[in-house]
Amino acid sequence: MRRGWRAVGAAGALALLWISTGLSASETPETSTGKPIPASSDWAPVAAWAPVAAWVTARPLPHADERAALMQDYLRQHLPAGVAATPEAPRVVVLHWTAGPTAESCWQTFAPARLSGRPELQRGGAVNVGAHFIVERDGTVIQVQPTTTPARHAIGLNHLSIGVENVGDGARYPLTEAQVASNIRLIAELRAVHPSISHLIGHHEALSMKGGPLYAEADPKYVNQKADPGDAFMAKVRAGVAPGLRGPAAP
Ligand SMILES: [Zn+2]
């Protein structure tokens, strides 16, 4: 594959992905950091868990043990020396859109523990992409993993963030007012459970945190610029959340 910035059209959204050929140092077993994640950041898949609130529907992703082991591998590969995952104390809530029409298709995409397809992401690790929540177009919120289990949803922030996927995109299935309301309600619940949460961002804002204290990625070439969920959606959600959450530019 050609090396360079590449425009990828997906469901009306434009994503710029950094495509590079060859192995980077972080991919080779010999030079991989290989360091164990400090005990303070270890986590184990939770066999039984409850959703963050009674109004949230639980639909756990399968293969939790395999996914957790692969996610540990991912974080060992991607976290710079001295940076620990802090799944018990997440700092950032990252909002997304699914670029698809149904929660079912999103859940099915997340269900395998291992990534398939997505060649631009394969070199970044074997664990599948995922999130913690899927918000249906009617506002129904589905939780697919405990909030204390890291998920692969935002490069540079996976070690300390919670991912919320909204079913839709920017064109064919514009995000709904019901989703805005449910994101606001969900964020309030998350802040009550995790007072450590300090930031609320859209996925398209994640690169603005690069160079800041929360962003951590050992491979400087492993980045992507996403379009989801867009400024309009973020403005509506931010207008509804209680004060105190910072945006991407604030440390
Ligand atoms: Zn996203």
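Below or above, wherever it landed, is the structure these notes cover.

1. Here we look at helix α2 (residues 103-110)
Since the α-helix advances by 3.6 residues per turn, residues separated by three or four positions end up pointing in the same direction. Considered for burial, the residues of α2 that qualify are A103, C106, W107 and F110. Each buried residue of α2 lies within a common arc of 95° when the element is viewed along its axis, so the set occupies one face. Contacts from the buried residues of α2 go to α1 (64-78), β5 (133-135), β6 (141-143) and β7 (161-166).

2. Comments concerning the pattern of salt bridges
Any two side chains of opposite charge can pair, on the condition that their charged atoms come close. As enumerated under the stated definition, the model contains seven salt bridges in all. The salt bridge partner of R123 is D219, with a shortest N-O separation of 3.2 Å. Within this pair, whereas R123 is found in the loop between α3 (119-122) and β5, its partner D219 is found in the loop between β8 (199-202) and β9 (224-225), the two being separated by 96 residues in sequence. A relative accessible area of 13% means that R123 is categorised as buried. Residue class for D219 comes out buried when judged on its relative accessible area of 5%. For R172, the salt bridge is made with D169, and the minimal N-O distance between the two is 3.9 Å. The exposure class assigned to R172 is exposed, which follows from its relative accessible area of 55%. With relative accessibility at 1%, the residue D169 sits in the buried group.

3. Regarding the packing of aromatic side chains
Counted under the stated rule, the structure contains zero aromatic pairs. Directly above the aromatic system of W107 lies the positively charged group of R59, at a separation of 3.8 Å from the ring centroid. The ring of W55 has R185 sitting right over it, with the charged end atom 4.0 Å from the ring centre.

4. Comments concerning unusual backbone geometry
Between D228 and P229 the backbone carries a cis peptide bond, its omega angle lying at -5°. Among the structural elements, P229 can be located in the loop between β9 and α5 (231-240). Phi at A99 is positive, roughly 65°, even though this residue is not glycine. Among the structural elements, A99 can be located in the loop between β4 (92-97) and α2. For A99, a relative accessible area of 29% corresponds to the partly exposed category.

5. Some details on the nonpolar core
When a protein is soluble and globular, its nonpolar side chains tend to lie buried together. One finds I134 and L157 to be the most contacted residues of the largest nonpolar core, which totals 38 residues. Counting only elements with at least two residues in this core, the list comes to α1, β4 and α2. Ranked by residue count, the leading element in this core is α1, at five residues. Residue contacts for L157: discarding those within four places in its chain leaves V94, I201, A206, M209, L214 and Y215.

6. Some thoughts on the pairing of β7
Each regular strand displays side chains that alternate between the two surfaces of the sheet. Burial runs high along β7: six of the six residues are buried. Of the two faces of β7, the one carrying S161, G163 and E165 and the one carrying I162, V164 and N166 are both buried. Both β4 and β7 contribute to a ladder of six bridges, which runs parallel. Residue pairing for β7: L95 is matched across the bridge by V164. Where β5 meets β7, three bridges bridge the pair, whose relative direction is parallel.

7. Notes on the pairing of β4
In terms of residue burial, β4 counts as a mostly covered element, since six of its six residues are buried. Where burial is concerned, the two faces of β4 agree: the one with V92, V94 and H96 and the one with V93, L95 and W97 are both buried. The sheet contact formed by β4 and β8 spans four bridges and is parallel. Directly across from V93, in β8, lies its bridge partner L200.

The rules behind the values
Residues numbered from 1 in each chain as written. Predicted model: local features only at pLDDT ≥ 70, side-chain atom pairs only at ≥ 80, totals over all residues. Heavy atoms only, no water. Buried < 20%, exposed > 50% of the residue type's maximum accessible area, 1.4 Å probe, protein only. Helix = DSSP H or I, 4+ residues; strand = E, 2+ residues; numbered from the N terminus. Arc of directions from axis to C-beta. Contact = heavy atoms within 4.5 Å. Salt bridge = Lys/Arg side-chain N within 4 Å of Asp/Glu carboxyl O. Phe/Tyr/Trp six-rings, centres within 6.5 Å; stacked < 30°, edge-to-face > 60°. Lys NZ or Arg CZ within 6 Å of the ring centre and 35° of its normal. Core = buried A, V, L, I, M, F, W, Y, C linked by side-chain atoms within 4.5 Å. Pairing = 2+ DSSP bridges.

In short, shape yes, function no, at least from these values alone.
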